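Examination of the molecular architecture
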Amino acid sequence: MIPDINIGNLHADKAIIQGGMGVGISLSGLASAVAEEGGIGVISSVGLGLLHPDMGKTFHEANLNSLRNEIRTARKNTNGVLGVNVMVAVTDYEQLVKVALDEKIDIIFLGAGLPLKSPGALTPRELGHIETKLAVIVSSARAAKVVLSTWDKRFSRLPDAFVVEGPKAGGHLGFKLDQINDPEFALENILPGILTVIHEYEAKYKKSIPVIAAGGIFNGSDVYNIMQQGVQGVQMGTRFVATDECDASQNFKDQFLKCKSDDIVIIESPVGLPGRAISNNFLRDVSSGLRKPFSCPWHCLKTCDFTNAPYCIAQALKNARNGLFDNGFAFSGAKAFLLERMVSVKEVFQNLANEYSNAVSTSILNPQSVAIR
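Summary of the structure given here. Bear in mind that the values here come from a model prediction, so they are computed numbers and not experimental data.

A count of helices and strands for the protein chain gives 12 helices and 14 strands. In summary, the protein chain has a C-alpha radius of gyration of 19 Å against a globular reference of 21 Å for 373 residues, a match within 12%. Principal-axis analysis of the C-alpha atoms gives the protein chain an extent of 55 × 50 × 40 Å. By the burial criterion, 57% of the 373 residues in the protein chain qualify as buried. Restricting the contact set of the protein chain to residue pairs at least 6 apart, pairs at least 24 apart contribute 68%. Each charge sign in the protein chain was given a centre, from 36 positive and 37 negative side chains, and these centres are 4 Å apart.

Right, here's the structure in full:
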C-alpha cells in the first residue's frame, strides 16, 4: 500500500499530493476527486479572475471570490483533505492566503517565491494558532535554510511541511537554465542537503516537518524510489491532467496525450523564469521574436514587466486551458509524454498502488534496483 502522511494533526490516507496547476487546471473538480481517493487535492489560486470575471467588480475581487467559491464547491464534494496553492509572486498573495484561511482550508502550499513575510499578514500570535497547515515549496537547501531561519526569528514557529521541487517539474522552475539538465541539481541529489537543514530545525523545535518530493514523479515506482530517500510524500501534477475530473478542456488534455518526448521544451517565461511546456506554434512564434499584442487586465505577477513582455502569460495559460492553442500553451512536467489515455482519478490511484506494489516486490528481490529514473 502507498503510505499515508501526517502533517501535524492533519492526516491523509495516501501520501499523494496533487500539484496545484493554474490557470484553471486544478480547481474544485480535480481537487475533490483526489481528496476522495485519500490523497491531498489542491486548488490552484492563480488567475481565477480571468476564468470568472463576473465574480467581482474588479479582477482582484473576482480572484478572491472565485477562490472562495472553488473551496466551498470542493468541500461539498468531499470530506477528504483539501489544499490551496498560492504563488508568493502574485500581487494579491496575502489576500488569497487570507481567503483560504477564512475558509478553513486544510493546507496552503506557498510557492513561486519565498514566504518571508507572515502569510496572510497575520501577527506571529495569530500565525501560531491557525488550524490550517502551511507548506513551503523550495528547490534548494539554501532556500529551505532562509525560510526556516526567518520563520524561527520572526514568528517563533516553522512551516508545517516542505515540498522539494526538482528540475523535472512542470511550469515555472526554481533553477537557472544551466542547472535544469545538470545531474548535480536532480531531485535525488538536492534532497539530502535539504533534509539535513530541515532536520536541524526539527530537533530545535522537537517537531516533525514532513518533506514532500516533487518534479518528474509519474508512476508508483517513482513514488517508492524517492520515498527511500527519507521523504514522507510526493507531489504529482502531470499524472492527473489526463483524468475525467481535471478541470481543463478536453482539447487541453489531448495536447498531453498526443505529445512526444521531443515536444516537451524549456521556455523563457515573460516573468523572468525558465519553465517547462509542450511546444506548439504559439511558443515557436514567440521564440522567433514575434510579439502577441495584449492588454494587461491586472498586474497579477509582481515580477512581470508587462510593458515589455512579448505576451500575457496569464491570458496564454487561460486560452490553453480552454483549448485555444492558437493563442496559448500548456505547461507540463518532463514525463507528460508517458500519458496514454483518459482515465478517472480513481484509476490513477489504483494504478499507482499497483505500480508501487510492484516496485516493493522488485526491491525485495533485487535491493540494488532502487533508483530515480
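Tallied over the full model, the rule gives 10 aromatic pairs. Centroid distance Trp-151 to Phe-155: 5.5 Å. Interplanar angle 80°. Geometry classified as edge-to-face. Within this pair, Trp-151 and its partner Phe-155 are both found in helix H6 (residues 141–155), separated by 4 residues, close to a single helical turn. The exposure classification of Trp-151 matches that of Phe-155, with both residues buried. Ring geometry for Phe-252 against Phe-256: centres 5.2 Å apart, planes inclined by 40°, an arrangement best described as tilted.

Looking now at helix H12 (residues 345–365). Over its 21 residues, H12 extends 30 Å from the first C-alpha to the last, a length consistent with the 30 Å expected when each residue adds 1.5 Å. Buried residues along H12 sit against strand E3 (16–18), helix H1 (28–36), helix H8 (220–227) and strand E11 (233–236).

Moving on: the pattern of salt bridges. Across all of its chains, the model carries 13 salt bridges by this definition. The partner of Glu-103 in a salt bridge is Arg-68, with the nearest N and O atoms 3.5 Å apart. Here the residue Glu-103 occupies a position in the loop between helix H4 (93–102) and strand E6 (107–111), and Arg-68 occupies one in helix H3 (residues 59–77), the gap between them amounting to 35 residues. Under the relative-accessibility criterion, Glu-103 is labelled buried at 17%. Ionic pairing is found between Glu-347 and Arg-341, a salt bridge with its closest N-O pair at 2.4 Å. Classification of Glu-347 as partly exposed rests on a relative accessible area of 22%.

Its place among the elements puts Thr-78 in the loop between H3 and strand E5 (81–87). Side chain to side chain, Thr-78 and Glu-36 meet in a polar contact 2.7 Å long. Dropping the residues within four chain positions of it, Thr-78 is found in contact with Ser-32, Ala-35 and Glu-36.

Within the secondary structure layout, Val-84 lies in strand E5. For Val-84, a relative accessible area of 0% puts it in the buried group. The residues touching Val-84, leaving out its near neighbours within four places in the chain, are Val-42, Ile-43, Ser-45, Leu-67, Ile-71, Ala-100, Ile-105, Ile-107, Ile-108 and Phe-109.

Here the focus is the layout of surface pockets. Taken as a whole, the second largest pocket holds about 300 Å³ of empty space. Elements with a contribution of two residues or more to the lining of the second largest pocket: helix H7 (187–205) and H8.

Relative to each other, H3 and H4 sit at 25°, their axes nearing to 10 Å. When the interaxial angle is binned, H3 and H4 end up roughly parallel. The two elements H3 and H4 cross, and the hand of that crossing is right-handed. Where H3 approaches H4, its residues His-60, Asn-63, Leu-64, Leu-67, Arg-68 and Ile-71 are matched on the opposing element by Gln-95, Leu-96, Val-99 and Ala-100. Across the contact of H3 with H4, the residue classes tally to 6 nonpolar, 3 polar and 1 charged.

What follows covers unusual backbone geometry. In this structure, the amide linkage connecting Gly-22 to the following residue, Val-23, adopts the cis form with an omega of 0°. Within the secondary structure, Val-23 is located in the loop between E3 and H1. A positive phi angle, near 55°, is found at Lys-104, a position not held by glycine. Position of Lys-104 among the secondary structure elements: in the loop between H4 and E6. You can call Lys-104 exposed: its relative accessible area is 63%. Here the phi dihedral of Ser-156 falls at roughly 55°; this positive angle occurs in a residue that is not glycine. Mapped onto the elements of the fold, Ser-156 is located in the loop between H6 and strand E8 (161–165).

So, how was this worked out
- Residues numbered from 1 in each chain as written.
- Predicted model: local features only at pLDDT ≥ 70, side-chain atom pairs only at ≥ 80, totals over all residues.
- Heavy atoms only, no water.
- Helix = DSSP H or I, 4+ residues; strand = E, 2+ residues; numbered from the N terminus.
- Rg over C-alpha atoms; globule rule 2.2 N^0.38 Å.
- Buried < 20%, exposed > 50% of the residue type's maximum accessible area, 1.4 Å probe, protein only.
- Contact = heavy atoms within 4.5 Å.
- Lys, Arg positive; Asp, Glu negative; His and termini not counted.
- Charge placed at Lys NZ, Arg CZ, Asp CG, Glu CD.
- Phe/Tyr/Trp six-rings, centres within 6.5 Å; stacked < 30°, edge-to-face > 60°.
- Expected span 1.5 Å × (residues − 1).
- Salt bridge = Lys/Arg side-chain N within 4 Å of Asp/Glu carboxyl O.
- Polar contact = N/O pair within 3.5 Å; in protein donor to acceptor, adjacent residues only side chain to side chain.
- 1 Å grid on protein atoms, 1.4 Å probe; cavity = no way out; pocket = protein on both sides within 12 Å on 5 of 7 lines; lining within 4 Å.
- Points joined across faces, edges and corners; volume = space filled by probe spheres on them.
- Axes fitted to C-alpha atoms, helices over the stretch in contact; angles between N-to-C directions.
- Parallel < 35°, antiparallel > 145°, perpendicular 65-115°, else oblique.
- Left-handed = near helix turned anticlockwise from the far one by under 90°.
- Nonpolar A, V, L, I, M, F, W, Y, C, P; charged D, E, K, R; others polar.

Any functional reading would require information beyond the geometric quantities listed.
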